[in-house]
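Here is how the chains run, residue by residue.
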Amino acid sequence: MVLTTPMDRAQGRARQSSDPVRWLKPLLFGLALLPLALMGWDTVSGGLGANPIESLIRRNGDWALRFLLLTLTITPLRELSGWSGAIRLRRMIGLFAFFYATLHLAGYVVLEQFFDWPAMGADLLKRPYITLGMGCFLLLLPLAITSTNGMIRRLGGRRWRALHRLIYPAALLAVAHYFLLVKADLREPILYGALLALLLGYRLVRALPGRHSAAG
Ligand code: HEM
């Protein structure tokens, strides 16, 4: 049995109130909704340019990829800074990646293809970048579904962690998707590819034999 004294409880409360995650989480939540708000504003104010549907699809795709890479930044941030609270932001950031990926897919299915399933099937077979995008989305889906505490308990930590390693192939597919769809200016996909290489390289180096792994 664990006995807690009023002093323990007071110290616990003090620790909680100085915990930066308590204010960082709502702040990050608000910031993560800003791209959506801006897209909404641009939609009603006519600020989406000459091809509003393409612009919406592209902007949601960009944010899905950015949040995916941000999710992968949390472990190095935690390990290099020693700030263990970072890990408590990871689930929310990962779910925002899935949220924007879903809006991106919905834009394609609803706005661009008008639910034309045969045309989308043909696209999936004919255009490799669509195949890779769909592959990425299908890898992200089980991660989002199993992100709740109940699912973590049900799967057990080891199996849950093994499943969530799908984020690595998902991120590779997302970057490959971007590379394949760009026709001329490769600068942005190269930038995202370099960031991903850095994040995966960090994990590879850390996993080398003889190195202590603190990864969760
Ligand atoms: C679910 C299946 C997916 C489909 C059908 C799909 C489809 C598309 C389409 C049609 C475009 C625009 C191409 C163009 O205008 O020429 C696009 C762009 C893009 N998609 Fe996807 N996508 C999918 C999944 C994803 C996922 C999961 C991510 C990221 C996690 C992603 C990230 C991107 C990015 C970064 C762009 C480029 C945006 C830009 O040009 O600025 N896509 N996608």
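Structural data are supplied above this passage.
Source: prediction; values computed, not measured.

*Asks:* Looking at this structure, how should I read the overall build of the protein?
*Replies:* For the protein, the helix and strand inventory stands at 10 helices and 0 strands. Ordering the α and β elements of the protein from the N terminus gives α-α-α-α-α-α-α-α-α-α. Counting the 216 residues in the protein, one finds 19% classified as buried.

*Asks:* When you look at the site of the ligand in this model, what are you seeing that I'm missing?
*Replies:* Near the ligand you find 21 residues, and of these Gly61, Ala64, Gly133, Phe137 and Ala174 are the closest. Among the secondary structure elements, those contributing two or more residues to the shell around the ligand are helix 3 (52–81), helix 4 (87–112), helix 6 (128–145) and helix 9 (167–181). Counting residues per element, the shell around the ligand draws most heavily on helix 3, which supplies 8 residues.

*Asks:* Would you mind going over the nonpolar core with me for this structure?
*Replies:* A general feature of soluble globular proteins is that nonpolar side chains tend to end up buried together. Within the largest apolar cluster, 27 residues are counted, with the highest numbers of intra-cluster contacts made by Ala64, Phe67, Leu68, Ala97, Tyr100 and Ala174. Mapped onto this core, the elements with two or more residues apiece are helix 3, helix 4, helix 6 and helix 9. Per-element accounting of this core gives the leading share, 8 residues, to helix 4. Beyond its immediate sequence surroundings of up to four residues, Leu68 is in contact with Ala97, Ala170, Ala171 and Ala174.

*Asks:* What exactly am I supposed to notice about the packing of helix 4 against helix 6 here?
*Replies:* Packed helices, taken two at a time, are described by the angle their axes make and the gap between the axes. Between helix 4 and helix 6, the shortest axis-to-axis distance is 10 Å and the interhelical angle comes to 135°. Put simply, helix 4 runs oblique to helix 6. Here the hand of the crossing between helix 4 and helix 6 comes out left-handed. In this structure, helix 4 uses Gly94, Leu95, Ala97, Phe98, Ala101 and Leu105 to contact helix 6, whose residues at the interface are Phe137, Leu140, Leu143 and Ala144. Classifying every residue of the contact of helix 4 with helix 6 gives 9 nonpolar, 1 polar and no charged.

*Asks:* Quick question: what am I supposed to make of helix 3 here?
*Replies:* Helical periodicity: at 3.6 residues per turn, an α-helix aligns residues three or four positions apart in one direction. If you check helix 3, its first and last C-alpha atoms are 41 Å apart, about what 30 residues at 1.5 Å a residue would give, namely 44 Å. If you look at helix 3, its biggest bend is around 30°, right at Thr73, and the proline Pro76 turns up within four residues after that.

*Asks:* Mind showing me how you'd approach the packing of helix 3 against helix 9 here?
*Replies:* Axis separation between helix 3 and helix 9 bottoms out at 11 Å; the angle between their running directions is 145°. Along this stretch, helix 3 crosses helix 9, giving a crossing that reads as left-handed. Contact with helix 3, carried on its side by Leu65, Leu68, Leu69, Thr71 and Leu72, involves Ile167, Ala170, Ala171, Ala174 and Tyr178 of helix 9 and no other residues of that element. Taken together, the residues of the contact of helix 3 with helix 9 break down into 9 nonpolar, 1 polar and no charged.

*Asks:* How do you make sense of the environment of Arg165 when you look at a structure like this?
*Replies:* Its location among the elements puts Arg165 in the loop between helix 8 (157–164) and helix 9. Judged by the 11 C-beta atoms lying within 10 Å of it, Arg165 is exposed. For the pair Arg165 and Leu143, spaced 22 residues apart in sequence, the C-alpha separation works out to 9.1 Å.

*Asks:* I'm lost on unusual backbone geometry in this one. Help?
*Replies:* Glycine aside, residues mostly have negative phi angles, and peptide bonds mostly take the trans form. Even without glycine at this site, Phe114 takes up a positive phi of about 45°. Structurally, Phe114 is set in the loop between helix 4 and helix 5 (117–126). Residue class for Phe114 comes out exposed when judged on the 8 C-beta atoms lying within 10 Å of it. Notably, Phe115 is not glycine yet its phi reads approximately 60°, a positive angle. Residue position: Phe115 is located in the loop between helix 4 and helix 5.

*Asks:* Whenever I open this one, the environment of Val109 confuses me. Can you help?
*Replies:* Looking at where Val109 falls in the secondary structure, it is placed in helix 4. Placed 11 residues apart in sequence, Val109 and Met120 show a C-alpha to C-alpha distance of 7.8 Å. When sequence neighbours within four positions are dropped, the list of residues in contact with Val109 reads Phe115 and Met120.

Thresholds, definitions, all that
- Chains are numbered independently. Their residues run from 1 in the order of the written sequence.
- Where totals are concerned, whole chains, interfaces and linings use all residues; where local detail is concerned, this predicted model gives features only for residues with pLDDT of at least 70, and gives and counts side-chain atom pairs only at 80 or more.
- Numbered from the N terminus, helices here are DSSP runs of H or I no shorter than four residues, and strands are runs of E no shorter than two.
- With C-beta atoms placed from the backbone, a residue is labelled by how many other C-beta atoms lie within 10 Å of its own: buried for 20 or more, exposed for 12 or fewer, partly exposed between the two.
- Using a C-beta atom placed from the backbone, a residue is scored as near a molecule or strand whenever that atom is within 6 Å of it.
- Each nonpolar core reported here comprises buried Ala, Val, Leu, Ile, Met, Phe, Trp, Tyr and Cys residues connected via C-beta atoms within 7 Å.
- Here the contact rule is simple: place C-beta atoms from the backbone, and any two residues whose C-beta atoms are within 7 Å are in contact.
- Helix axes are fitted to C-alpha atoms over the stretch in contact, other axes to C-alpha atoms as well, and angles between N-to-C directions run from 0 to 180 degrees.
- For this classification, under 35 degrees means roughly parallel, over 145 means roughly antiparallel, 65 to 115 means roughly perpendicular, and everything else is oblique.
- Here a crossing is called left-handed whenever its near helix is offset anticlockwise from the far helix by less than a right angle, and right-handed whenever the offset is clockwise.
- Side-chain classes are defined by residue name, with Ala, Val, Leu, Ile, Met, Phe, Trp, Tyr, Cys and Pro counting as nonpolar, Asp, Glu, Lys and Arg as charged, and the others, Gly among them, as polar.
- The span expected for a helix works out to 1.5 Å for each residue beyond the first.
- The angle between axes fitted to the seven-residue stretch ending at a residue and the seven-residue stretch beginning at it gives the bend at that residue.

Distances and angles like these do not, on their own, reveal function.
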